[in-house]
Amino acid sequence: MKNLVHLALSASGRPFTHNLAFTIMSQTYQQIRSNTTFTPPKNWQQIQTIDMHTGGEPLRVIVSGFPELKGRSVLEYRRYIKEHYDYLRKALMFEPRGHADMYGCLLLPPNDDEADFGVIFLHNEGYSTMCGHAIIALSTLAVEMGWVHVQEGDNLLKIDAPCGRITAFTHVENGKVTGVRFHCVPSFVVGLDRTIEVPGLGTVTYDLAYGGAFYTYVSMEKNHFDFDLTPKSYQHLIQAGMDIKCAVMQQDQDVIHPFEADLSFAYGTIFIGESLHDDADSRNVCIFAEGEVDRSPTGSGVSGRMAIHYARKELKIGEHMRIESITDSVFTGSVISEQAYGPYTAVIPQVEGTAFITGMHTFVINPDDPVKHGFILR
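Predicted model only: the values in this text are computed from it and were never measured. (Residues numbered from 1 in each chain as written. Predicted model: local features only at pLDDT ≥ 70, side-chain atom pairs only at ≥ 80, totals over all residues. Heavy atoms only, no water.)

**Details of the overall build of the protein chain**
The secondary structure content of the protein chain amounts to six helices and 19 strands. Judged by the C-alpha coordinates and their principal axes, the protein chain covers about 90 × 50 × 45 Å. Burial status across the protein chain gives 52% buried among its 378 residues. A fraction of 61% describes how many contacts in the protein chain between residues 6 or more apart in sequence connect residues 24 or more apart. Accessible surface, the protein chain: about 18,000 Å² in total, of which carbon and sulfur atoms supply 52%. Charged side chains in the protein chain number 30 positive and 44 negative. The centres of these two groups are separated by 7 Å. (Helix = DSSP H or I, 4+ residues; strand = E, 2+ residues; numbered from the N terminus. Buried < 20%, exposed > 50% of the residue type's maximum accessible area, 1.4 Å probe, protein only. Contact = heavy atoms within 4.5 Å. Areas by Shrake-Rupley, 256 points an atom, 1.4 Å probe, with all protein chains shown as cover. Lys, Arg positive; Asp, Glu negative; His and termini not counted. Charge placed at Lys NZ, Arg CZ, Asp CG, Glu CD.)

**Notes on the nonpolar core**
Core analysis: the biggest nonpolar cluster contains 88 residues, and F121, I166, F182 and F271 have the highest contact counts within it. Apart from residues lying up to four places away in sequence, I166 is in contact with M130, I135, L157, K158, I159, A161, F182, H183, C184 and V185. Formed by 22 residues, the second largest nonpolar core is a distinct cluster that contains F66, V74, L92 and F94. (Core = buried A, V, L, I, M, F, W, Y, C linked by side-chain atoms within 4.5 Å.)

**Comments concerning the packing of aromatic side chains**
What the rule picks out here adds up to 18 aromatic pairs. Taken together, a centroid distance of 5.4 Å and an interplanar angle of 50 degrees make the contact between Y267 and F288 tilted. Taken together, the residues span a long stretch of sequence, with Y267 in strand 13 (residues 266–273) and F288 in strand 14 (residues 282–288) at a distance of 21 residues. Looking at F288, the relative accessible area reads 2%, which means it is buried. What links up through ring pairs into an aromatic cluster is the set Y103, Y215, Y217, F265, Y267 and F288. (Phe/Tyr/Trp six-rings, centres within 6.5 Å; stacked < 30°, edge-to-face > 60°.)

**Considering a nonpolar patch on the surface**
Residues V63, M145 and W147 make up a contiguous nonpolar surface patch of roughly 270 Å² in combined accessible area. In this structure, W147 sits in the loop between helix 4 (132–144) and strand 7 (153–161). W147 gets classed as partly exposed once you look at its relative accessible area, which sits at 38%. (Patch = residues over 30% accessible without salt bridge, like charges linked within 9 Å, V, L, I, M, F, W, Y side chains within 5 Å. Salt bridge = Lys/Arg side-chain N within 4 Å of Asp/Glu carboxyl O.)

**Focus: helix 5 (residues 234–251)**
Between the first and last C-alpha of helix 5 there are 26 Å, a value that for 18 residues agrees with the 26 Å anticipated at 1.5 Å per step. Where helix 5 is concerned, the buried positions are Y234, L237, I238, A240, G241, M242, I244, K245, A247 and V248. Those residues of helix 5 that are buried lie in contact with strand 10 (188–198), strand 11 (202–210), strand 12 (214–219), strand 13, strand 14 and strand 15 (292–293). (Expected span 1.5 Å × (residues − 1).)

**Quick look at the pairing of strand 14**
Looking down a regular strand, the side chains alternate between one sheet face and the other. Most of strand 14 is tucked away, with seven of its seven residues classed as buried. Across six bridges, strand 13 lies against strand 14 in antiparallel orientation. The residue of strand 14 that forms the bridge with I272 is N284. Taken together, the two bridges between strand 14 and strand 16 (residues 320–324) define a ladder with parallel strand orientation. Bridging from a neighbouring strand, R283 pairs with E324 of strand 16. Summarising the sheet, strand 14 and strand 15 pair through two bridges and their orientation is antiparallel. Pairing of F288 across the sheet is with E292, part of strand 15. The loop that links strand 14 with its antiparallel partner strand 15 comprises three residues; one of these, A289, has a positive phi angle of about 50 degrees. (Pairing = 2+ DSSP bridges.)

**Observations regarding helix 6 (residues 299–311)**
Given a rise of 1.5 Å per residue, 13 residues ought to cover 18 Å, and the 19 Å separating the end C-alpha atoms of helix 6 matches this to within 8%. With eleven of 13 residues buried, helix 6 lies mostly within the body of the structure. Just downstream of helix 6, K313 is the residue with a positive phi angle, here 60 degrees.

**A word on the confidence of the model for the protein chain**
Residue-level pLDDT values for the protein chain average 93, and 93% of them are 70 or greater. Note that pLDDT drops below 50 for residues 1–13; the model gives that stretch 17 contacts with residues more than four away or on any other chain. (pLDDT = per-residue confidence, 0-100.)

**Some points on the pattern of salt bridges**
As enumerated under the stated definition, the model contains 19 salt bridges in all. The salt bridge involving R72 is made with E76; its shortest N-O contact spans 3.7 Å. Accessibility expressed as a relative area gives 25% for E76, which makes it partly exposed. Three or more residues joined by partner-sharing salt bridges are found here, namely D193, D207, K222 and R312.

**A closer look at the environment of K70**
The residue K70 is located in the loop between strand 4 (57–64) and helix 2 (74–84) in this model. Residue classification places K70 among the exposed positions, given a relative accessible area of 59%. Sequence separation between K70 and F169 is 99 residues, and the spatial gap between their C-alpha atoms is 29 Å. With near-sequence residues (within four places) excluded, K70 lies in contact with E76, Y77 and Y80.

**Describing the state of the cysteines**
One pass over the structure, following the stated rule, counts zero disulfides. C286 supplies the cysteine sulfur nearest to C246, a cysteine that is in no disulfide, at a spacing of 14 Å. Given the relative accessible area of 34%, C246 is considered partly exposed. As a non-bridged cysteine, C286 has C131 as the owner of its nearest cysteine sulfur, 9.7 Å distant. (Disulfide = S-S within 2.5 Å.)

What follows is the structure, encoded as structure tokens:
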């Protein structure tokens, strides 16, 4: 580099360097500023997403670049992606593009022309049947993107999820989205105050309910655990949540949907405790899929809780409950109506929350990349 640097004497007689080296660096920096678009080779797959969060829980919305799925309904699309493109779920949810707690969705045609669109939900284990935080985010995004005619007040969306049709209302004031509320599918209680033996935890008392997915609800008051519902207990919550879920899957034979076999599985464990803040009534921490921790209060989980509180006569139709998450974000839940659903007395829950866009991505898959389909470390 010496041959590029002009040495001179300062007034004090000490040598100093001319800024020619800085000029060379500046030229490189100018190239950086003028060339910020990478064009992948033609054999690299490109997938575009819009990333969001609802109450801190991520949602990676796949908007283009995903192969076409075959089927005539969302449930058929869900089966097809599991059989043919599960490696792309892993590529987008797992590291290095995602992480162990990543969540995503793929937008699809609806089941019929009465709905606006369909959706499949993706996570670290596979494909969930319902996701309230995603419904809130997608309803926000549909308005922000102008996918629907936008008006002041409520903007109606009908979304076909694997569990059924969800009706959502995106509220707009002065041209801005202020929140979303949705009506979930019929939600019902399978059993209250059941007990189960869980290795390492002993006898655990739980409620089993469905809110678009089956959850085991575990009261911190009724069970004496050596952890709490704060971030400091993060790893303990994951372990206990997974242990309880596994025990329920093995020992409880009632995780059966009355109409769809594809919906008949235990999705997660929800720990319920006292709120840590004056503006909320209760606290949810949901451990779902393969040990994911929901940053939001869990929309489908809140739906199941509305069925539980209604069954216990703790909540009347039209009454509201504010439920906070491990990040202190809040969903408001209520019961809209009661209806018969197979052998169950079900309710239609309403869940309210807010979502925000966090970024836009074009992910590429280099066929020569040894970890192109991802990996997970926790």
